[in-house]
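Now for the letters of each chain:
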Amino acid sequence: TVFAQQVLPVLTAQCLACHQPVGSGGNSGNGLRNRLVLTGDAEGDFNVALTLVNDACNAAANPLLKQPSTRPHPAVGSAAVLAVGSAPWQAIANWISAGCGR
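Source: prediction; values computed, not measured. (Residues numbered from 1 in each chain as written. Predicted model: local features only at pLDDT ≥ 70, side-chain atom pairs only at ≥ 80, totals over all residues. Heavy atoms only, no water.)

Peer 1: So what's going on with helix α5 (residues 87-97)? Which residues, and what values?
Peer 2: Looking only at α5, the buried set comprises Trp-89, Ala-91, Ile-92, Ala-93, Trp-95 and Ile-96. Looking at the buried residues of α5, the elements they touch are α1 (2-14), α3 (42-50) and α4 (63-70). (Buried < 20%, exposed > 50% of the residue type's maximum accessible area, 1.4 Å probe, protein only. Helix = DSSP H or I, 4+ residues; strand = E, 2+ residues; numbered from the N terminus. Contact = heavy atoms within 4.5 Å.)

Spelled out as structure tokens, the structure:
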């Protein structure tokens with residue numbers, strides 16, 4: 001529920017255009033682009049997002065947050081997609097951190 005209400009809207013708004021299974025996303029590029037393939041379906045996108053979380057106790061270190069907040073993205077020029085500490089970044093960080101200790 002938290003993913004669908006708070007994280008999926010961020011991924012849809014910030015990532016879906018380039019991380020689709022066909023076209024400009026998904027299969028073209030490298031690194032996270034090949035691993036984060038979004039469809040807009042809550043269950044499917046939850047499962048793929050979860051594969052990019054490997055340390056729930058250190059949210060910022062996970063590829064799901066680290067890549068879009070530290071690496072330039074072609075869609076936005078030389079800027080990172082998610083600014084560290086921004087509301088969208090924090091929504092994903094909170095979701096990841098909720099799994100700490102589970």
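Still more to cover.
Peer 1: Run through the side chain of Asn-62, naming residues and quoting values.
Peer 2: For Asn-62, the location among the structural elements is in the loop between α3 and α4. Residue Asn-62 is classed as buried on the basis of its relative accessible area, which comes to 0%. Of note is the side chain of Asn-62, whose polar atom sits 2.5 Å from the backbone nitrogen of Asn-54. Apart from residues lying up to four places away in sequence, Asn-62 is in contact with Leu-52, Val-53, Asn-54, Asp-55 and Ile-96. (Polar contact = N/O pair within 3.5 Å; in protein donor to acceptor, adjacent residues only side chain to side chain.)

Peer 1: Tell me about the layout of surface pockets, and name the residues and values.
Peer 2: In this approach a probe as big as a water molecule rolls over the atoms, and the regions it shows empty are the leftover space. Here the second largest pocket defines a volume of roughly 220 Å³. Along the walls of the second largest pocket sit 13 residues, with Phe-46, Leu-50, Trp-95, Gly-99 and Arg-102 positioned nearest its centre. In the lining of the second largest pocket, the residues fall into 9 nonpolar, 3 polar and 1 charged. (1 Å grid on protein atoms, 1.4 Å probe; cavity = no way out; pocket = protein on both sides within 12 Å on 5 of 7 lines; lining within 4 Å. Points joined across faces, edges and corners; volume = space filled by probe spheres on them. Nonpolar A, V, L, I, M, F, W, Y, C, P; charged D, E, K, R; others polar.)

Peer 1: Explain the packing of α4 against α5 to me, using residue names and the numbers behind them.
Peer 2: When two helices pack together, their arrangement is captured by the angle between the axes and the distance separating the axes. Relative to each other, α4 and α5 sit at 160°, their axes nearing to 10 Å. Between α4 and α5, the crossing angle belongs to the class labelled roughly antiparallel. Here the hand of the crossing between α4 and α5 comes out left-handed. Seen from α4, the contacting residues are Leu-64, Leu-65 and Ser-69; seen from α5, they are Trp-89, Ile-92, Ala-93, Trp-95 and Ile-96. For the contact of α4 with α5, the class distribution of residues is 7 nonpolar, 1 polar and no charged. (Axes fitted to C-alpha atoms, helices over the stretch in contact; angles between N-to-C directions. Parallel < 35°, antiparallel > 145°, perpendicular 65-115°, else oblique. Left-handed = near helix turned anticlockwise from the far one by under 90°.)

Peer 1: So what about the environment of Asp-45? Which residues, and what values?
Peer 2: Within the secondary structure layout, Asp-45 lies in helix α3. Separated by 34 residues in the primary sequence, Asp-45 and Leu-11 have C-alpha atoms spaced 8.8 Å apart. Sequence-distant contacts of Asp-45, defined by excluding residues within four places in its chain, comprise Phe-3, Leu-8, Val-37, Leu-38, Thr-39 and Gly-40. At 2.8 Å, the side chain of Asp-45 forms a polar contact with the backbone nitrogen of Gly-40.

Peer 1: Quick rundown of the packing of aromatic side chains? Include the residues and the values.
Peer 2: Using the criterion set out here, one finds 3 aromatic pairs in the structure. Ring plane angle 85° and centroid distance 5.4 Å describe the contact between Phe-3 and Phe-46, whose orientation is recorded as edge-to-face. One end of the pair, Phe-3, is in helix α1; the other, Phe-46, is in helix α3, with 43 residues separating them in the sequence. The exposure class of Phe-3 is buried, given its relative accessible area of 4%. Look at Phe-46 and you get partly exposed, because its relative accessible area is 29%. (Phe/Tyr/Trp six-rings, centres within 6.5 Å; stacked < 30°, edge-to-face > 60°.)

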